[in-house]
Amino acid sequence: MTNFAIFVAATGAIVAVPGPNHLYITTHSIGAGRRAGIASALGVETGTLVHIVAAAAGLSALIAASATAFNVVRYAGAGYLIYLGIRTLLKRGEDDHEQAIRPQRLSRVYLEGVVVNIFNPKTILFFLAFLPQFVDQGAGSIPLQVIGLGLVLALIGLTTDVAYAIGAGSLGALLRRSPRFRRGRRYATGIVYLGLGAATAFAGPRRT
């Protein structure tokens, strides 16, 4: 129980710090509303569940150990984020009021969040570095312990993600009243995606 309490405290401290996922969720929530932010948060944490299963099955270790597999994940994630950025920048008709307040398809926002997190190499490395520190080899099945710890992490992560989405959604409701914000929203969102894509491309150690 002491080990678990330390794990919960460490997880809470780590996930509360603003990171790429929070920036991604905040961007959606400010630009498209609170519901879009929450949908993206649910998508991101669904991607986390995939990472949990991969870590428990040993797939994450294989990907991290293989230069080819790691780079495939790295560049697939970077390419997808860059695609989202370019698509956003090239959209037309987003500057008028009606387009600015039109809600996005939540299913699409959710799936984008899933894909973005699954192909985030930093998440793979995080699970490999963090979860094993709290596994007790004498306490039963290690894969089940990894899954249990991962689910707790995902739940705490979802709590903070939703909090960011709600807060950013409230701020976005105020900002979207400004014509200047509506004109610049598309460019700001596209630049954020491109920045996240560049960060993903250079994530993790260099491998040859």
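Computed from a predicted model, the values in this text were never measured in an experiment.

The next thing to look at is the overall build of the protein. A tally of regular secondary structure across the protein gives 10 helices and zero strands. Taken from the N to the C terminus, the helices and strands of the protein come in the order α-α-α-α-α-α-α-α-α-α. Out of the 208 residues belonging to the protein, those deemed buried represent 41%. Taking as baseline every contact in the protein between residues at least 6 positions apart, the subset at least 24 positions apart corresponds to 85%.

To continue, consider the nonpolar core. Ranked by size, the top nonpolar core spans 13 residues in total, and within it Phe 7, Phe 127, Phe 130, Leu 131, Val 146, Leu 149 and Leu 153 carry the most contacts. Elements with a minimum of two residues in this core: helix H3 (34-57), helix H8 (121-130) and helix H9 (142-175). When residues in this core are grouped by element, the largest group, four residues, is from H9. Not counting chain neighbours up to four residues away, the residues in contact with Val 146 comprise Ile 52, Ala 55, Ala 56, Leu 131 and Val 135. Formed by 10 residues, the second largest nonpolar core is a distinct cluster that contains Tyr 24, Ile 25, Leu 81 and Val 116.

Right, let's get into a nonpolar patch on the surface. Residues Leu 49, Leu 144, Ile 147 and Leu 151 make up a contiguous nonpolar surface patch of about 350 Å² in total accessible area. Residue contributions to the nonpolar patch peak at three residues, all from H9. Following the sequence through the fold, Leu 49 ends up in helix H3.

Take the environment of Phe 127 next. Inspection of the secondary structure assignment puts Phe 127 in helix H8. Look at Phe 127 and you get buried, because its relative accessible area is 3%. A C-alpha to C-alpha distance of 9.6 Å links Phe 127 and Ala 54, two positions 73 residues apart in sequence. If we skip the residues at most four places from it in the chain, Phe 127 touches Thr 48, His 51, Ile 52, Ala 55, Pro 132 and Leu 153.

Summing up the model confidence of the protein, the mean pLDDT is 77 and the portion of residues at 70 or higher is 81%. H3 holds the highest mean pLDDT among the elements of the protein, 89, whereas helix H6 (residues 97-101) holds the lowest, 46. Ignoring residues within four places in sequence, the model shows residues 94-102, a span with pLDDT below 50, making 16 contacts including any to other chains.

Relative to the helices and strands, His 51 resides in helix H3. Reaching out from His 51, the side chain makes a polar contact with the backbone oxygen of Ile 118 at a distance of 3.4 Å.

Looking now at helix H2 (residues 20-32). Under the 1.5 Å per step criterion, the end-to-end length of H2 is 18 Å for 13 residues, consistent within 8% with the ideal 18 Å. Counting buried positions along H2 yields 10 of 13 residues, so the element is predominantly enclosed. When we look at burial in H2, the residues that qualify are His 22, Tyr 24, Ile 25, Thr 26, Thr 27, His 28, Ser 29, Ile 30, Gly 31 and Ala 32. After H2 finishes, the residue Gly 33 shows a positive phi value of roughly 110 degrees.

Calculation rules
Residues numbered from 1 in each chain as written. Predicted model: local features only at pLDDT ≥ 70, side-chain atom pairs only at ≥ 80, totals over all residues. Heavy atoms only, no water. Helix = DSSP H or I, 4+ residues; strand = E, 2+ residues; numbered from the N terminus. Buried < 20%, exposed > 50% of the residue type's maximum accessible area, 1.4 Å probe, protein only. Contact = heavy atoms within 4.5 Å. Core = buried A, V, L, I, M, F, W, Y, C linked by side-chain atoms within 4.5 Å. Patch = residues over 30% accessible without salt bridge, like charges linked within 9 Å, V, L, I, M, F, W, Y side chains within 5 Å. Areas by Shrake-Rupley, 256 points an atom, 1.4 Å probe, with all protein chains shown as cover. Salt bridge = Lys/Arg side-chain N within 4 Å of Asp/Glu carboxyl O. pLDDT = per-residue confidence, 0-100. Polar contact = N/O pair within 3.5 Å; in protein donor to acceptor, adjacent residues only side chain to side chain. Expected span 1.5 Å × (residues − 1).

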